[in-house]
Amino acid sequence: QIYGDPAYLPGNGHLAGPWKLAHLSAVQQEYNSRNIAMRMSIEWAWEKLATLFVFLNYYRNLKVELSPVGLHYSIGILLTNTHTCLYGSETGVRFGLTPPMLKEYLNSE
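A quick note: this is a predicted structure, and the numbers were derived from the prediction, not measured.

A. Up close: the overall build of the protein chain. Of regular secondary structure, the protein chain possesses 4 helices and 2 strands. Listed N to C, the secondary structure of the protein chain is β-β-α-α-α-α in terms of helices and strands. For the protein chain, with 109 residues in total, the buried portion stands at 21%. The long-range share in the protein chain, meaning contacts at least 24 apart out of those at least 6 apart in sequence, stands at 38%. Only carbon and sulfur atoms are counted for the fraction: they give 62% of the accessible area of the protein chain, which is about 8,500 Å².

So, in structure tokens, the structure goes:
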């Protein structure tokens, strides 16, 4: 299963969401806490991309088959990762991680 935002859960068994019971067990509370924290860190990464490159967050600029949407996003992610190497990120701070040096990132395969 993949953990996702409860708003998008279709109930097909492939996506999991938080427990929504009136009284949660300690295990269920821990499950919710850990997964919500992870989901938020992923949202921070998308937010950083959208903040640095507003063009990528404006639906009128991204028209499938009329513009290279995948290429635009790939370049945006490359530049966002470059920015993270130089300036860090919320996600890195949250998990106590140091980004690679820019030269190391750009030379990786």
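Now, onward.
B. Local environment of the packing of aromatic side chains. Summed over the entire model, instances satisfying the criterion amount to 1 aromatic pair. Positioned above the aromatic ring of F95 is the side chain of R94, whose terminal nitrogen or guanidinium carbon lies 5.0 Å from the ring centre.

C. Quick peek at the confidence of the model for the protein chain. Mean pLDDT over the protein chain: 81, with 81% of residues reaching 70 or higher. Per-element mean pLDDT across the protein chain ranges from 67 in strand 1 (residues 2-3) up to 93 in helix 4 (residues 102-107).

D. Expanded view of helix 2 (residues 69-87). Given a rise of 1.5 Å per residue, 19 residues ought to cover 27 Å, and the 26 Å separating the end C-alpha atoms of helix 2 matches this to within 8%. Among the residues making up helix 2, those that are buried are V69, G76, T80, T82, T84 and C85. Positive phi shows up at G88, right after helix 2, with a value of about 80 degrees.

E. Focus on the side chain of T82. Structurally, the position occupied by T82 is in helix 2. For T82, a relative accessible area of 16% translates into the label buried. Beyond its immediate sequence surroundings of up to four residues, T82 is in contact with L102, Y105 and L106.

F. Expanded view of the layout of surface pockets. Reported here for the largest pocket is a volume of approximately 320 Å³. Lining the largest pocket are 14 residues, with W44, A45, W46, K48 and T80 sitting closest to its centre. Secondary-structure elements contributing two or more residues to the lining of the largest pocket are helix 1 (26-52), helix 2 and helix 3 (90-95). Considering each element in turn, the lining of the largest pocket owes the most residues, 7 residues, to helix 1.

G. Structural detail: the environment of T84. You can see T84 is positioned in helix 2. Classification of T84 by relative accessible area gives buried; the value is 17%. Residues T84 and P99, 15 residues apart in the sequence, show an inter-C-alpha distance of 6.8 Å. Those residues within four positions of T84 in sequence are excluded, and the remaining contacts are K48, S89 and P99. Among the polar contacts made by the side chain of T84, one reaches the side chain of K48 at a distance of 2.8 Å.

H. Focus on the environment of L52. Tracing the backbone through its elements, the reader meets L52 in helix 1. Along the backbone, L52 and H83 are 31 residues apart, and their C-alpha atoms lie at a distance of 9.1 Å. Discounting residues that sit within four places of it in the chain, L52 has contacts with T80 and H83.

Rules behind the numbers
Counting of residues starts from 1 at the beginning of each chain's written sequence and follows it residue by residue. Per-residue local features of the predicted model are confined to residues with pLDDT of at least 70, and side-chain atom pairs are confined, for both listing and counting, to 80 or more; whole-chain, interface and lining totals are unaffected and use all residues. The basis for every side-chain value is the complete set of non-hydrogen atoms in the structure, without hydrogens or water. Think of it this way: any DSSP run of H or I at least four residues long counts as a helix, any run of E at least two long counts as a strand, and we number them from the N terminus. Think of it in three bands: with a 1.4 Å probe and only protein chains considered, a residue is buried below 20% of the maximum accessible area for its type, exposed above 50%, and partly exposed in between. When checking whether two residues touch, look at their non-hydrogen atoms; a contact exists if any pair is within 4.5 Å. Only the protein chains shown count as cover for residues, and all accessible areas are computed by the Shrake-Rupley method using a 1.4 Å probe. The pairing test for Phe, Tyr and Trp rings, Trp by its six-membered ring, is centres within 6.5 Å, and the orientation test on the planes gives stacked under 30 degrees, edge-to-face over 60, and tilted for anything in between. Either the NZ atom of lysine or the CZ atom of arginine qualifies as a charge over a ring when it sits within 6 Å of the ring centre and within 35 degrees of the ring normal. Values of pLDDT, which run from 0 to 100, indicate the predictor's confidence residue by residue. Helix span, expected: 1.5 Å multiplied by one less than the number of residues in the helix. In this analysis, the protein atoms alone were mapped onto a 1 Å grid. Cavities are point sets where a 1.4 Å probe fits without being able to get out; pockets are open sets with protein on both sides within 12 Å along at least five of seven lines; lining residues have an atom within 4 Å of a point. Grid points are joined across faces, edges and corners, and a volume is the space filled by probe spheres set on the points. Whenever a nitrogen or oxygen atom comes within 3.5 Å of another N or O atom, the pair is scored as a polar contact, on the condition that within protein one atom can donate a hydrogen and the other can accept it, and that pairs from neighbouring residues in sequence are kept only if both atoms are in side chains.

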